[in-house]
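Listed here are the chains, written in short residue letters.
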Amino acid sequence: PGDSDIDGLYINEVYSCNPDWVELYNAGNEELHIGGFILQDDKGAEEEYVIPEGTTIGAGEFLVLEEFSFGISSSKGDRVTLLDASRNVVDDVMLPVMEDGSSYGRRSDGGSEFAAFTAPTNGRRRPPSGTGTFGCEGVYQRGAVGSRGR
């Protein structure tokens, strides 16, 4: 496997504070069918989550994945990888050690620069400042696979 032909699909934000979640962002102009795509942490195929068939993400939309079979570690750092159905890498993010309640993501949706955020967005557009605070208990939950924000 190598790099995927899928363009404009990003791991946009990652949160590891029970429940863990991964936010995907489709920066493209067309809906993407991502059923059969695979999400992995640093353990690779040993612990992976296969996105259910029929799952789509619209152009310019977010998809929050919350119920997967592995945990994301904020205490030691972790790696989150998104593979297409042929097991080619779509996107790959290295998470640093983070404080509880912080998320790690792109400074701007689909952008190339990453930062830790004290106010996770979980399926919503990132505000320009990326600031604010709340802990694990303050995260607004948008639902499992299939939830979208604009």
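Residues numbered from 1 in each chain as written. Predicted model: local features only at pLDDT ≥ 70, side-chain atom pairs only at ≥ 80, totals over all residues. Heavy atoms only, no water.

### Digging into the overall build of the protein
Thought 1: Looking only at helices and strands, the protein features 0 helices and 11 strands.
Thought 2: The order of helices and strands in the protein, counted from the N terminus, is β-β-β-β-β-β-β-β-β-β-β.
Thought 3: Within the protein, buried positions represent 53% of all 150 residues.
Thought 4: Put simply, 57% of the contacts in the protein that link residues at least 6 apart link residues at least 24 apart.
Thought 5: With an accessible surface of roughly 7,100 Å², the protein has 45% of that area assigned to carbon and sulfur atoms. (Helix = DSSP H or I, 4+ residues; strand = E, 2+ residues; numbered from the N terminus. Buried < 20%, exposed > 50% of the residue type's maximum accessible area, 1.4 Å probe, protein only. Contact = heavy atoms within 4.5 Å. Areas by Shrake-Rupley, 256 points an atom, 1.4 Å probe, with all protein chains shown as cover.)

### Brief notes about the pairing of strand S8 (residues 78-83)
Thought 1: Within S8, 5 of the 6 residues are buried, which leaves the element mostly enclosed by the surrounding structure.
Thought 2: Two strands pair when backbone bridges link them, and strand S4 (residues 38-40) and S8 are joined in this way by 3 bridges, in the antiparallel orientation. Note that in S8 the partner of Leu39 across the bridge is Leu82.
Thought 3: Pairing geometry for S8 and strand S9 (residues 89-95), over 6 bridges, is antiparallel. The residue bridging Val80 from the neighbouring strand is Val93, located in S9.
Thought 4: Between S8 and S9, which follow one another and run antiparallel, lie 5 residues, and Arg87 among them has a positive phi close to 70°. (Pairing = 2+ DSSP bridges.)

### So, the environment of Ser4
Thought 1: If you trace the backbone, Ser4 turns up in the segment before strand S1 (9-15).
Thought 2: Linking Ser4 and Leu83, residues 79 residues apart in sequence, is a C-alpha distance of 7.6 Å.
Thought 3: For Ser4, the side chain forms a polar contact with the main-chain nitrogen of Ile6, separated by 3.0 Å.
Thought 4: A distance of 2.8 Å separates polar atoms of two side chains, one belonging to Ser4 and the other to Asp84. (Polar contact = N/O pair within 3.5 Å; in protein donor to acceptor, adjacent residues only side chain to side chain.)

### Thoughts on the confidence of the model for the protein
Do not read the fine detail of predicted coordinates wherever pLDDT is low.
Thought 1: Counting all residues, the mean pLDDT for the protein is 79, and 79% of those residues have values of 70 or more.
Thought 2: Counting interchain partners and residues more than four positions distant, the pLDDT-below-50 stretch residues 130-150 has 60 contacts. (pLDDT = per-residue confidence, 0-100.)

### Structural notes on the environment of Val90
Thought 1: Positionally, Val90 belongs in strand S9.
Thought 2: Sequence-distant contacts of Val90, defined by excluding residues within four places in its chain, comprise Ser4, Ile6, Leu9, Phe37, Leu82, Leu83 and Asp84.

### Brief notes about the sheet that holds strand S5 (residues 48-50)
Thought 1: Spatially, the 4 strands line up as an open sheet ordered S5-S4-S8-S9, and their pairing is antiparallel. Single-partner strands in this sheet number two, and they are S5 and S9. Adjacent strand axes in the sheet meet at a mean angle of 15° when their direction is disregarded. (Axes fitted to C-alpha atoms, helices over the stretch in contact; angles between N-to-C directions.)

### A few points about the pattern of salt bridges
Thought 1: Counted according to the given criterion, the structure contains 6 salt bridges.
Thought 2: Taken together, the shared-partner salt bridges in this structure form one network comprising Asp41, Lys43 and Glu47. (Salt bridge = Lys/Arg side-chain N within 4 Å of Asp/Glu carboxyl O.)

### A closer look at unusual backbone geometry
Thought 1: Look at Arg87: it is not a glycine, yet its phi comes out positive at around 70°.
Thought 2: Topologically, Arg87 is positioned in the loop between S8 and S9.
Thought 3: Owing to a relative accessible area of 32%, Arg87 belongs among the partly exposed residues under this scheme.

### Observations regarding the side chain of Asp91
Thought 1: Looking at the element boundaries, Asp91 is found in strand S9.
Thought 2: At 2.7 Å, the side chain of Asp91 and the backbone nitrogen of Ile11 are in polar contact.
Thought 3: Engagement of the side chain of Asp91 in a polar contact is seen with the side chain of Arg106, the distance being 2.6 Å.
Thought 4: Among residues more than four places away in sequence, those in contact with Asp91 are Leu9, Tyr10, Ile11, Val80, Thr81, Leu82 and Arg106.

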